[in-house]
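Chain and residue survey
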Amino acid sequence: MAPTTSDWSPQDIARCVSSVMRARRSVRAFKPQPLPRELVQEILEDAACAPSGANIQPWRVHVVSGAVKDELASALVDAFRAGKATAPTHFPAPLPALFHARLLDFGARYYGSLGIDRDDAPARMRQTERNFSFFGAPVGLIFSIDRRLKPHSWIDLGLFAQSVMIAAKARGLDTCPQVAFAQFHDTIAPRLHMPPEEITAFGMSMGHGDSAAPVNQAGMPRERADGFARFLGFAH
Ligand SMILES: Cc1cc2nc3c(=O)[nH]c(=O)nc-3n(C[C@H](O)[C@H](O)[C@H](O)COP(=O)(O)O)c2cc1C
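Source: prediction; values computed, not measured.

As for the sheet that holds strand β2 (residues 139–146)
Pairing within the open sheet is antiparallel, and its four strands lie in the order β1-β2-β4-β3. The open sheet has two edge strands with one neighbour each: β1 (60–65) and β3 (174–178). On average, each strand axis in the sheet is tilted by 25 degrees relative to the strand beside it, whichever way the strands run. Sheet topology places β2 next to strand β4 (residues 198–207); eight bridges connect them, and they run antiparallel. Looking across to β4, one finds that valine 139 is bridged to methionine 206. Against the sheet, helix α3 (residues 66–81) contacts β1 and β2, and its axis sits at roughly 100 degrees relative to β1. Running at roughly 10 degrees to β4, helix α6 (residues 151–169) makes contact with β1, β2, β3 and β4 of the sheet.

Right, dumping it as structure tokens:
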């Protein structure tokens, strides 16, 4: 049932939306508890309210659970171990200094939460591999888009994905967006019967997060709005 806010004050609505947005985290360890299809469908219906340029709604999502998810995960783990990643890396080289510093900070916090040393490449690989079993989540989502579309439409897909994560969090569910899947489009596409014009953009794990897991304790800081925004023309 979609939440109704008609009898809420604007302050209550703002508090509620703000608290859900601030509570969302990338969760990388899940409880096995399955999710009903109707719940995931409801989340996707909410997320489909996301805007898109000229309302073309370019998002496509393949939702996998049970044996289908396990078989896909197993094929992806095999492909990862066999070094079958096909897509180029997600960041340019060299990465501009500010972003590089943040990337290093991310790695220190992420691998630090697991007690993995930054020089321990095999342990990092084992953790990276966990992406492909959806970090133990009961539901996996593969987001795809028509490859003929331009970056402009990929923005739409990103807005849709954030809406999925917020709609999930509002229902007490956790998620992790994962670009790691994009490297394995060739493994994913035939298993999900994607038409040739479709390309894997990223994946997502969804379920009840294991709040006790050390990996879920790694908080990621944010720059404040005063740092990344310029305010022009305001009286105060
Ligand atoms: C487009 C995108 C791709 C991401 N890909 C991965 C991924 O492949 N594996 C992973 O563990 N986390 C991935 N993340 C999660 C980010 O590391 C995470 O959002 C960031 O560190 C901020 O932490 P937070 O989401 O907990 O606030 C991705 C996030 C986004 C938005």
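A look at the site of the ligand
Close contacts around the ligand come from 14 residues, with Ser26, Arg28, Asn131, Val179 and Arg222 the closest. Here an oxygen atom of the ligand and a side-chain polar atom of serine 26 are 2.6 Å apart. In the model, a nitrogen atom of the ligand is placed 3.1 Å from a nitrogen or oxygen of the proline 177 main chain. Expressed as a share of its isolated accessible area of 620 Å², the protein-covered part of the ligand is 69%. For the shell around the ligand, the element with the highest residue contribution is β3, accounting for three residues. Of the residues assigned to the shell around the ligand, the class counts are seven nonpolar, three polar and four charged.

A word on the nonpolar core
In terms of nonpolar packing, the biggest core is built from 28 residues, with Leu72, Leu76, Phe132, Phe134, Ile142, Phe181 and Ile188 touching the most fellow members. Per-element tally for this core: the top contributor is α3, with five residues. With residues near it in sequence (within four places) discarded, phenylalanine 134 still touches Phe30, Val64, Lys69, Leu72, Gly140, Leu141, Ile142, Phe181, Met204 and Ser205. Listed in part, the 24 residues of the second largest apolar core include Ala47, Ala50, Met165 and Phe202.

A word on the packing of α3 against helix α5 (residues 121–129)
At a closest axis distance of 10 Å, the pairing of α3 and α5 adopts a crossing angle of 150 degrees. By the angle class used here, α3 and α5 are roughly antiparallel. The two elements α3 and α5 cross, and the hand of that crossing is right-handed. The residues of α5 that touch α3, namely those facing Val77, Phe80 and Arg81, are Met125, Thr128 and Glu129. Partitioning the contact of α3 with α5 into residue classes produces three nonpolar, one polar and two charged.

Some points on the environment of serine 133
Inspection of the secondary structure assignment puts serine 133 in the loop between α5 and β2. Separated by 72 residues in the primary sequence, serine 133 and serine 205 place their C-alpha atoms 8.9 Å from one another.

Let's talk about α6
For α6, built from 19 residues, the straight-helix expectation of 27 Å at 1.5 Å per residue is met to within 8% by its first-to-last C-alpha distance of 27 Å. Listed in full, the buried residues belonging to α6 are Ser153, Asp156, Leu157, Phe160, Ala161, Val164, Met165, Ile166, Ala167 and Ala168. Contacts made by the buried residues of α6 are with α1 (10–23), α2 (37–47), β1, β2, β3 and β4.

A short note on the side chain of serine 205
Structurally, serine 205 can be placed in strand β4. Reaching out from serine 205, the side chain makes a polar contact with the side chain of glutamine 178 at a distance of 2.5 Å. Apart from the residues lying within four places of it in its own chain, the contact partners of serine 205 are Phe30, Phe134, Phe135, Ala137, Val139, Asp174, Thr175, Cys176 and Gln178.

Focus on the packing of α2 against α6
Axis separation between α2 and α6 bottoms out at 8 Å; the angle between their running directions is 130 degrees. Compared by their axis directions, α2 and α6 come out oblique. Crossing angle aside, the handedness with which α2 passes α6 is right-handed. For the pair α2 and α6, contact is made by Ile43, Leu44, Asp46 and Ala47 and by Phe160, Ser163, Val164, Ala167 and Ala168, respectively. Per-class residue counts for the contact of α2 with α6 are seven nonpolar, one polar and one charged.

Each value, and the rule that gives it
- Residues numbered from 1 in each chain as written.
- Predicted model: local features only at pLDDT ≥ 70, side-chain atom pairs only at ≥ 80, totals over all residues.
- Heavy atoms only, no water.
- Pairing = 2+ DSSP bridges.
- Helix = DSSP H or I, 4+ residues; strand = E, 2+ residues; numbered from the N terminus.
- Axes fitted to C-alpha atoms, helices over the stretch in contact; angles between N-to-C directions.
- Contact = heavy atoms within 4.5 Å.
- Near = heavy atom within 4 Å.
- Polar contact = N/O pair within 3.5 Å; in protein donor to acceptor, adjacent residues only side chain to side chain.
- Areas by Shrake-Rupley, 256 points an atom, 1.4 Å probe, with all protein chains shown as cover.
- Nonpolar A, V, L, I, M, F, W, Y, C, P; charged D, E, K, R; others polar.
- Core = buried A, V, L, I, M, F, W, Y, C linked by side-chain atoms within 4.5 Å.
- Buried < 20%, exposed > 50% of the residue type's maximum accessible area, 1.4 Å probe, protein only.
- Parallel < 35°, antiparallel > 145°, perpendicular 65-115°, else oblique.
- Left-handed = near helix turned anticlockwise from the far one by under 90°.
- Expected span 1.5 Å × (residues − 1).

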